[in-house]
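Summary of the model geometry
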Amino acid sequence: MADPVVTVRSGTLDDVPAFRALGEAVVPPTYGPIDAAYARRMLDEWWVPEVFETSLARNPHLVAEVDGEVVALANLGRLSQSYRDFPHVSGDREVMWKLYVHPDHHGRGIGSRLLADVEAMVEGDELWLEVVDGNDQAFAFYRARGFEEVERVTDHEWPADVWMMKRLR
């Protein structure tokens, strides 16, 4: 039996409920073992309709669907357009803020496909992203695709954010 067809398209406001459902499926198993309170914070602060509505207005979002169901999400934006502050960062990085694939669809190349599509949208020479310290699966995925760790930012309350960067040109 062949794998179902994966369709990639631009995300819209109509996708916000599906984004939240994806977050509920990916955040607890990914971040809960690292820090359960941080995982809850992510869902409560960054996977909510208001944040997605703001992000969709500012940044391109890519959605992967299987049989009409959202199974993955990626988005790209400039640091200057974020709703969060990054006082430790200078310059205006192009950042892939999210790349998440539903656990039931891991290992099918969906994440690699979305990453390639995001890389094609980058206007500059570098693509940046943040990985939570302890997310070994993400580190391995990004390292295998040419990203290198550039800096770690810690506030001693939450797990450290590790900034990774890939030179595209």
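Structural notes, computed from the coordinates. Quantities reported herein were computed from a predicted structural model and do not represent experimental measurements.

Quick look at the overall build of the protein chain
- The number of helices and strands found in the protein chain is 5 helices and 7 strands.
- Listed N to C, the secondary structure of the protein chain is β-α-α-α-β-β-β-α-β-α-β-β in terms of helices and strands.
- Radius of gyration (C-alpha) of the protein chain: 15 Å, near the 15 Å computed for a compact globule of 169 residues.
- Taking the principal axes of the C-alpha coordinates as reference, the protein chain spans close to 45 × 40 × 30 Å.
- Within the span of the protein chain, comprising 169 residues, buried residues form 45% of the whole.
- Considering only contacts in the protein chain between residues 6 or more positions apart, those separated by 24 or more positions represent 63%.
- For the protein chain, the exposed area adds up to about 8,700 Å²; of that, 48% sits on carbon and sulfur atoms.

Conventions and cut-offs
Residues numbered from 1 in each chain as written. Predicted model: local features only at pLDDT ≥ 70, side-chain atom pairs only at ≥ 80, totals over all residues. Heavy atoms only, no water. Helix = DSSP H or I, 4+ residues; strand = E, 2+ residues; numbered from the N terminus. Rg over C-alpha atoms; globule rule 2.2 N^0.38 Å. Buried < 20%, exposed > 50% of the residue type's maximum accessible area, 1.4 Å probe, protein only. Contact = heavy atoms within 4.5 Å. Areas by Shrake-Rupley, 256 points an atom, 1.4 Å probe, with all protein chains shown as cover.

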